[in-house]
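Chain by chain, the residues:
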Amino acid sequence: MKEKILVTGSAGFIGYHLCNRLIRENYEVIGLDNLNSYYSVSLKQSRNKILINLSKDRQNNYSFYEGDISEFEFVEKIFQSHKPKIIINLAAQAGVRYSIENPNSYVYSNLVGFLNVLECCRNFNVKHLIYASSSSVYGGNKKLPFCETDFVDNPVSLYAATKKSNELMANSYSHLYKIPSTGLRFFTVYGPWGRPDMAPMIFAKAIKNREKINIFNHGDMIRDFTYIDDIVESLFRLILKSPSINLEDMASIKEGSLSNSYHQIFNIGNSKKIKLLDFIKELETSFKIKAEKNFLEMQPGDVKTTFADCSKLEKYINFKPNTNLREGINKFVKWYKEYY
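Everything quoted here is computed from the prediction, not taken from an experiment. All chains use their own residue numbering, which begins from 1 and follows the written sequence. Two thresholds apply to this predicted model, a pLDDT of at least 70 for residue-level local features and 80 or more for giving and counting side-chain atom pairs, whereas whole-chain, interface and lining totals are computed over all residues. Hydrogens and water molecules were not included; the side-chain quantities draw on all heavy atoms of the structure.

A. Representation of the overall build of the chain within the structure. Tallying secondary structure elements over the chain gives 11 helices and 13 strands in all. Throughout, radius of gyration means the C-alpha value; the globule benchmark is 2.2 Å times the number of residues raised to the power 0.38. Taking 2.2 N^0.38 as the reference for a compact globule, 340 residues should give roughly 20 Å; the C-alpha atoms of the chain span a radius of gyration of 19 Å, in line with that estimate. C-alpha atoms of the chain, sized along the principal axes, occupy 55 × 50 × 40 Å. Residue exposure (1.4 Å probe, protein chains only): buried if accessible area is under 20% of the type maximum, exposed if over 50%, otherwise partly exposed. When each of the 340 residues of the chain is scored for burial, the buried share is 56%. Across the chain, the fraction of contacts at a sequence separation of at least 24, relative to all contacts at a separation of at least 6, is 83%. The average position of the 45 basic charges and that of the 36 acidic charges among the side chains of the chain differ by 4 Å. Starting at the N terminus, helices and strands are each numbered in turn, a helix being any DSSP run of H or I of at least four residues and a strand any DSSP run of E of at least two. Here a residue-residue contact requires only that any non-hydrogen atoms of the pair lie within 4.5 Å. As used throughout, the charge tally considers Lys and Arg to be positive and Asp and Glu to be negative, leaving His and the chain termini uncounted. Throughout, a charge is located at the NZ atom of Lys, the CZ atom of Arg, the CG atom of Asp or the CD atom of Glu.

Listed below in structure tokens is the structure:
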């Protein structure tokens, strides 16, 4: 059995796919998720059931705990019991628009919860903390593509503000306690088992049921859509590349930048500008159904364009996403039809 890895948010979209890969690679995986009702609990339970059954077919190398990272004693108990050496923190209250309606949940999960994870990393001598940031930290930046060295001090949603805060918290803990940490600014991820609150799932449901799709900013939107398998491959390659161990691989660190020798920030995306209407067109082709479109104004907290420069990560892990849009959409639609 390989290293013990704790994955928070293990029943989530990215967490599920990553745990699936880690179990297959014979890592000992400790999964943690609060299974909250922000979106379908049954979808999360279905993901988790697959992980449990997959583990039974191997070495029972998946343990699952239901609970919230905002409860320190709960998190600490898991660290005490399992002493994981690699932590992948994907648990968070997600969603830009929901943060306007329910700000308190973001403070508890994304700030208090992340602090609890950092404290346990400090107290239990972990080898590597990988945590989810977000492309939303770039806010309304006009310079494209977005680069890790860009100015990110103007978040346009509370969700983005909490993710920027995570980067600063991790940087300070890495500096003070020499905790090797890697922050990942995820761009729009799609694929099987996706989150129902995200555009790909919302569009798929509407197209399949022949309902109108709400398209904001009158369709003038661009996203760096990234297929889930490419995200998981990148995460998998990062696990054993701890910043404190692999300094020879680091790009030069600029004075005063976010990064230090124990903390790195990476964009993780597809490095392709995809028009929202082109994404919808591929869904229509795959479903063989023409979508009914309802064009609306831009929503508060949203941004027109996200587009990643991922050259830093690609060089670091020697991997570039290789799933084209049509292939990714077809796989997603096939799963969607089977599951729903």
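B. Layout of the pairing of strand β3 (residues 62-66). Any two strands with at least two DSSP bridges between them are considered paired. Where strand β2 (residues 28-33) meets β3, 5 bridges bridge the pair, whose relative direction is parallel. Considered in β3, the bridge of Leu-32 is made with Tyr-65. With its strands directed away from the observer, a crossover is right-handed exactly when the path from the first strand over the helix to the second travels clockwise. Once you follow β2 into helix α2 (residues 41-56) and on to β3, the crossover reads as right-handed.

C. Representation of unusual backbone geometry. Residue Leu-144 is joined to Pro-145 through a cis peptide bond whose omega torsion reads -10 degrees. With respect to the helices and strands, the residue Pro-145 is situated in the loop between β5 (128-134) and α6 (158-177). You will see that Lys-178, though not glycine, has its phi angle at about 55 degrees, which is positive. Positionally, Lys-178 belongs in the loop between α6 and β6 (181-186). Even without being a glycine, Lys-288 presents a positive backbone phi close to 60 degrees. Along the chain, Lys-288 turns up in the loop between α9 (276-287) and β13 (292-295). You can call Lys-288 exposed: its relative accessible area is 74%.

D. Local environment of the packing of helix α3 (residues 72-82) against helix α5 (residues 103-123). One way to put it is that α3 packs onto α5 with a least axis distance of 10 Å and a crossing angle of 35 degrees. Read as a crossing pair, α3 and α5 show a hand that is right-handed. Across the interface between the two elements, Phe-72, Val-75, Glu-76 and Phe-79 from α3 touch Asn-116, Glu-119, Cys-120 and Cys-121 from α5. The classification used treats Ala, Val, Leu, Ile, Met, Phe, Trp, Tyr, Cys and Pro as nonpolar, Asp, Glu, Lys and Arg as charged, and all other residues, Gly among them, as polar. Of the residues belonging to the contact of α3 with α5, the class tally is 5 nonpolar, 1 polar and 2 charged. As a rule, the C-alpha atoms of each element are fitted with a line to give its axis, helices using only the stretch in contact, and angles between N-to-C directions run from 0 to 180 degrees. Working rule for handedness: look at the near helix, and if it is turned counterclockwise from the far one by less than a right angle, call the crossing left-handed; if clockwise, right-handed.

E. View of the packing of helix α7 (residues 199-208) against α9. Across the interface, α7 lies against α9 with an axial gap of 10 Å and an inter-helix angle of 45 degrees. Our classification of the angle between α7 and α9 gives oblique. The element α7 and its partner α9 pack so that their crossing is right-handed. Between α7 and α9, the contacting residues are Pro-200, Phe-203, Ala-204, Ile-207 and Lys-208 on the first element and Leu-276, Phe-279, Ile-280, Leu-283, Glu-284 and Phe-287 on the second. Residue classes in the contact of α7 with α9 are distributed as 9 nonpolar, no polar and 2 charged. By the definition adopted for this analysis, an angle is roughly parallel if under 35 degrees, roughly antiparallel if over 145, roughly perpendicular if from 65 to 115, and oblique otherwise.

F. Looking closely at the environment of Leu-325. By the secondary structure assignment, Leu-325 is in helix α11 (residues 325-339). In this structure Leu-325 comes out as buried when scored by relative accessible area, which is 19%. Sequence separation of Leu-325 and Glu-282 is 43 residues, and the distance between their C-alpha atoms is 7.9 Å. Beyond its immediate sequence surroundings of up to four residues, Leu-325 is in contact with Tyr-190, Ile-274, Asp-278, Phe-279 and Glu-282.

G. Quick look at the packing of aromatic side chains. Note on aromatic pairs: the rings of Phe, Tyr and Trp (six-membered ring only in Trp) are paired at centre separations within 6.5 Å, and the planes decide the class, stacked below 30 degrees, edge-to-face beyond 60, tilted for the rest. Per the stated rule, a full pass over the model turns up 25 aromatic pairs. Centroid distance Tyr-16 to Trp-193: 5.6 Å. Interplanar angle 55 degrees. Geometry classified as tilted. Here Tyr-16, found in helix α1 (residues 13-24), pairs with Trp-193, found in the loop between β7 (189-190) and α7; they are 177 residues apart in sequence, far enough to count as distant. Exposure class is identical for Tyr-16 and Trp-193. Each is buried. Here a set of aromatic residues connected by ring pairs shows up, and it is made of Tyr-16, Trp-193, Phe-287, Phe-332, Trp-335, Tyr-336, Tyr-339 and Tyr-340. Taking NZ or CZ as reference, Arg-122 lies 4.8 Å from the ring centre of Tyr-177, over its face. Should the NZ of a Lys or the CZ of an Arg lie within 6 Å of a ring centre and within 35 degrees of the ring normal, that charge is described as sitting over the ring.

H. Looking closely at the pattern of salt bridges. Definition used for salt bridges: Asp or Glu carboxyl oxygen within 4 Å of a side-chain nitrogen of Lys or Arg. Following the criterion strictly, the structure yields 15 salt bridges and no others. Residues Asp-153 and Lys-164 are paired through a salt bridge, measuring 2.4 Å at the closest nitrogen-oxygen approach. Placement of Asp-153 in the loop between β5 and α6 and of Lys-164 in helix α6 is noted, with a sequence separation of 11 residues between them. The class of Asp-153 is partly exposed, set by a relative accessible area of 44%. Take Lys-164: its relative accessible area is 11%, and that puts it in the buried class. The partner of Glu-284 in a salt bridge is Lys-293, with the nearest N and O atoms 3.1 Å apart. Note on Glu-284: relative accessible area 9%, which makes it buried.

I. Spotlight on the sheet that holds strand β11 (residues 263-268). Spatial ordering of the open sheet is given by β3-β2-β1-β4-β5-β6-β11, a layout of 7 strands whose pairing is parallel. Only two strands of the sheet have a single neighbouring strand rather than two, namely β3 and β11. Between one strand and the next, the sheet's axes are offset by a mean angle of 15 degrees, whatever the strand orientation. Examined bridge by bridge, β6 and β11 share 6 bridges and lie parallel to one another. Bridging across to β11, Gly-183 finds its partner in Ile-265. Against the sheet, α5 contacts β4 (86-89) and β5, and its axis sits at roughly 165 degrees relative to β5. Those strands touched by helix α8 (residues 228-238) are β5, β6 and β11, and its axis lies near 170 degrees from that of β6.

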